[in-house]
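# Coordinate inspection notes
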Amino acid sequence: MTEQSSRLIKADEKLEGLKVRVESIIGSKLRGVRVFRREVCFTIDVADIPAVLLALRDESGGGFTQLSELTAVDYPDRPQRFELVYQLLSVTLNQRIRIVAPIGDGEVAPSVSHLFSCAVWSEREVWDMFGIFFSGHPDLRRLLTDYGFEGHPLRKDFPLTGTVESFCSDSCCPPQGGRKTRRGPHKGLLRAAC
C-alpha cells in the first residue's frame, strides 16, 4: 500500500466517524446524508434549522462553532425550489460539514442570527439575492441592491437582458446639467441624459 492510499483510507475513516457522530447528534431530524468529494452534507427540514445548528454548536464535543457560509441555491423545477446551505466549521476537530434545508418559494425560514452573529449579514444577502424571508431576523432589508430594486437577482428566472434609456427635456436637468445614472428594477441600467 502506498503512502497516498494509506492517507486516503485514514481520511475516509475520519469522514465516516464524523458522519456517524453528527447523525447521532441530529437524530430524528435528519432527512438524508450524502458524501461528495469528501464533504459530508446533511439534509434537514427548514423548521429544524435552529435546533440542529444549536446542537452542533454546543453539544457535539468538538463543537461546530463557526458558521463559515450561509447561502441558497435555486432549483426552479423542484417543488421546494430553494436549498438553504449552512457551512459549519469545527476548529478543534479541523472538520467541516454542510447542512442543507429545502424550502419552497414564499416559505419562511427561521433566523439563526441569535446563534451565530455572522448570520445577520448572510441572511440579509440571501433575502436580497433570492427572496427567502427569515423570521426573527433583527434587521432584514436589502444588502447588495438599492432599496427600490424589484426582484431577486440570483433567482434563475431573473431577467438577464433589458436596458431602458430615458431622455429628459431641459426643464428636468440637474442644476449643473450633465448625466444622471441609476439602476432600474429588472431593466439593467437606466440612464437619464439631458
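For every chain, the first residue of its written sequence is number 1, and the numbers climb from 1 along that sequence. Where totals are concerned, whole chains, interfaces and linings use all residues; where local detail is concerned, this predicted model gives features only for residues with pLDDT of at least 70, and gives and counts side-chain atom pairs only at 80 or more. The side-chain quantities take in all heavy atoms of the structure and omit both hydrogens and water.

Helix and strand definitions here come from DSSP, where helices need a minimum of 4 consecutive H or I residues and strands a minimum of 2 consecutive E residues; each element is numbered from the N-terminal end. What the protein chain contains, in helices and strands, is three helices and 10 strands. The N-to-C order of helical and strand elements in the protein chain reads α-β-β-α-β-β-β-β-α-β-β-β-β. Counting across all 194 residues of the protein chain, residues that qualify as buried make up 37%. Summarising the internal contacts of the protein chain: among those between residues at least 6 apart in sequence, 51% fall at separations of at least 24. Areas reported as accessible are Shrake-Rupley estimates using a 1.4 Å probe. Residue values count occlusion only from the protein chains shown. Counting only carbon and sulfur atoms, one obtains 51% of the accessible surface of the protein chain, whose full area is about 11,400 Å². Buried means the residue's accessible area, taken with a 1.4 Å probe over protein chains only, is under 20% of the maximum for its type, while exposed means over 50%, and partly exposed covers the values in between. Residue contacts follow a heavy-atom distance rule, with two residues in contact if any of their heavy atoms lie within 4.5 Å.

Attention shifts here to the pairing of strand β2 (residues 39-44). β2 sits mainly inside the fold: five of its six residues count as buried. We call two strands paired when DSSP finds no fewer than two bridges between them. Judged from the six bridges that link them, strand β1 (residues 30-36) and β2 form a sheet pairing that is antiparallel. Bridging from a neighbouring strand, R34 pairs with C41 of β2. Between β1 and β2, which pair antiparallel in sequence order, lie two residues; one of them, R37, sits at a positive phi of approximately 55°. Relative to strand β5 (residues 95-103), β2 runs parallel, the two sharing three bridges.

To continue, consider the sheet that holds strand β3 (residues 66-74). Sheet strands pair by backbone hydrogen bonding; their relative direction is either parallel or antiparallel. The five strands are arranged β1-β2-β5-β4-β3 in an open sheet whose pairing can be described as mixed. At either margin of the open sheet sits one strand with a lone partner, and together these are β1 and β3. Shown here is a sheet whose adjacent strand axes are inclined to one another by a mean of 20°, direction ignored. Bridge count between β3 and strand β4 (residues 82-90): eight bridges; the pairing is antiparallel. What sits directly across from Q66, in β4, is L89. Every axis corresponds to a line fitted to the C-alpha atoms, with the helix fit spanning only the stretch in contact, and the corresponding angles, defined between N-to-C directions, vary from 0 to 180 degrees. On the sheet, helix α1 (residues 3-26) packs against β1, β2 and β5 and is oriented at approximately 15° with respect to β2.

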